[in-house]
Amino acid sequence: MRSEWLRRRSGVLAERNFRRFYTGYVTSLLGTSMSTVAIAWAVLDSGGSPTALGLVFAAGVVPQVLLLAFAGAVADRLGRRRVMLAADVLRCGAQACLAAALFAGRPAIWLFVLLAWLEGSGEAFFAPALSALTVQIASPDQLGNANALYGLASSVTRIVGPALSGILVAFAGPAVVVAADAASYLVSVLALSLLQLPKTGKAEPGGRGRRTLFSDMAEGWCGFRSRTWLWVVTVQFAFFNLITWAPWMLLGPVEGRSYLGGAAVWGAIMAAQGAGAIAAGLLSLGRRPRRPMVIATIGTFCYALPDIPMALHATAAWVGAAAFASGAGASLSSTFFSTTLQQQVPPDMLARVSSLSLFPAYGIGVIGYAIDGPLAGALGAQTVFGVGAVYGLLSSAVVLLLPSVRALRWRERQGDQPSSGLSRGPAEGGEGGQPRDHGDDDRDREYLR
């Protein structure tokens, strides 16, 4: 019983390919979370202003907005692992160049911007390929656990990384931390290169015959818009990031400094949010809800919770409790949305469809970081938070009422995977993968009873 309990919750780690990839993935996530703090200090130490720091951070986001839709098609056409390897090599090179410049002296701001752009470009190609690669390295009944482990890795590194980076920056300087980030990408490259994947003609160059990249993108768009639940949730999150999440990320620290108690208190609130994500990620392991998108949508209600105490000018304790709930809901939503996407979309177009679901969230959501400051100055921060809370709750309620969202069911067996439209032929489709005419259907049904 203990063995079955562990297999149900962490059996995906027994799969060699996933275990290898996950080791490299966690290492690179830790390096990235550390370097974010180090780069901020390096920009300020080099004489950069807060505006210059904003330009550096924006340079990492803009290429993701521009390249995501294109990157998904490239990943499906050339192979997910190949694209992820190239993305990690690019990011490793960018961080290695920045570390060398920091060791040499104080680099100019334009160099920070250029290298941030290159790293963001690598992220644009890596992110949509990740979802598609997962179905190749994890068995169908372990996809939920794989996505839960991704969320756990992200939550833990977001807490541990900045704390560790602060110590290293204080004692060794930001160049050492950025160099460690470059090394973490090398670990990811090694892990990806060790994967043993079956050869499939569709994922290799030339596997699509004379079809062009743009026709592949058009096919991905058709697959995306044909699924009502998917494009509705994508639109919801595009404006959700703009109206609900951007105020929390941008104005939250400002309010934390003005009335919640300063940086230490705000750090504790962020830690509570991470703790909620970790707790929900652990609880998600082994869970296979019958209606996964219903659970994912219920989790999205929690995204709006921190905006409520901020709109009411509540105390830090209430804000921290809401942040904990927000982290938990975000973890549940991400885990079961990703799993549903992998179960419902044919594997050969998964990277393209995934990129189209990510693109609006980056493209529209990033506008919030530009307009929320002026809006808070004109209308007041409490009004901005109030609007964000109302939209977050109402949009989640509307999505939850959609029949296409409630109708989706959990899929585990390989035979339950959606097809790409190709006929299976007359010799397939019987119970247990046997031919339809094998003559044992009645006996099989009796056994199952």
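Reference entry: report on the structure contained in this document. Since we're looking at a predicted model, the values are computed, not measured.

Moving on, we come to the overall build of the protein chain. Broken down by element type, the protein chain carries 18 helices and zero strands. Burial statistics for the protein chain: of 449 residues in total, 48% are counted as buried. Across the protein chain, contacts joining residues at least 24 apart in sequence account for 87% of those joining residues at least 6 apart. Within the structure as shown, the protein chain displays about 20800 Å² of accessible surface, and the carbon and sulfur contribution to it stands at 67%.

Turning our eyes to something else, we now look at the packing of aromatic side chains. Taken as a whole and assessed by the stated rule, the structure comprises 14 aromatic pairs. Both rings, one in F21 and one in Y150, keep their centres 6.3 Å apart while their planes meet at 85 degrees; by these two values the pair is edge-to-face. A residue pair is termed long-range when its members are at least 10 positions apart, and F21 in helix α2 (residues 16–45) and Y150 in helix α6 (residues 143–172) qualify at 129 residues. The residues F21 and Y150 share a single accessibility class, namely buried. Members of the aromatic cluster, joined through ring pairs, are F18, F21, Y22, Y25 and Y150. In this structure, R91 packs its charged tip against the face of F126, placed 4.7 Å from the ring centre.

Further remarks concern the pattern of salt bridges. Tallied over the entire structure, the rule returns six salt bridges. Here R80 makes a salt bridge to D76, at a shortest N to O gap of 2.7 Å. Of the charged contacts, one joins D88 and R91 as a salt bridge, the two residues approaching to 2.6 Å between their closest N and O atoms. In this pair, D88 and R91 both sit in helix α4 (residues 80–104), three residues apart, roughly one turn of the helix. For D88, a relative accessible area of 0% gives the class buried. On the basis of relative accessible area, R91 is assigned to the buried category, the value being 5%. Connected through shared salt-bridge partners, D76, R80, E219 and R352 make up one network.

When you line up the elements, L68 lands in helix α3 (residues 50–78). L68 sits in the buried class, given a relative accessible area of 1%. A C-alpha to C-alpha distance of 8.8 Å links L68 and S121, two positions 53 residues apart in sequence. The residues contacting L68, other than those within four sequence positions of it, are A124, P128, S355, L358, F359 and Y362.

The rules behind these values
- Residues numbered from 1 in each chain as written.
- Predicted model: local features only at pLDDT ≥ 70, side-chain atom pairs only at ≥ 80, totals over all residues.
- Heavy atoms only, no water.
- Helix = DSSP H or I, 4+ residues; strand = E, 2+ residues; numbered from the N terminus.
- Buried < 20%, exposed > 50% of the residue type's maximum accessible area, 1.4 Å probe, protein only.
- Contact = heavy atoms within 4.5 Å.
- Areas by Shrake-Rupley, 256 points an atom, 1.4 Å probe, with all protein chains shown as cover.
- Phe/Tyr/Trp six-rings, centres within 6.5 Å; stacked < 30°, edge-to-face > 60°.
- Lys NZ or Arg CZ within 6 Å of the ring centre and 35° of its normal.
- Salt bridge = Lys/Arg side-chain N within 4 Å of Asp/Glu carboxyl O.

Everything listed here is a matter of coordinates, which is why it stays silent on function.
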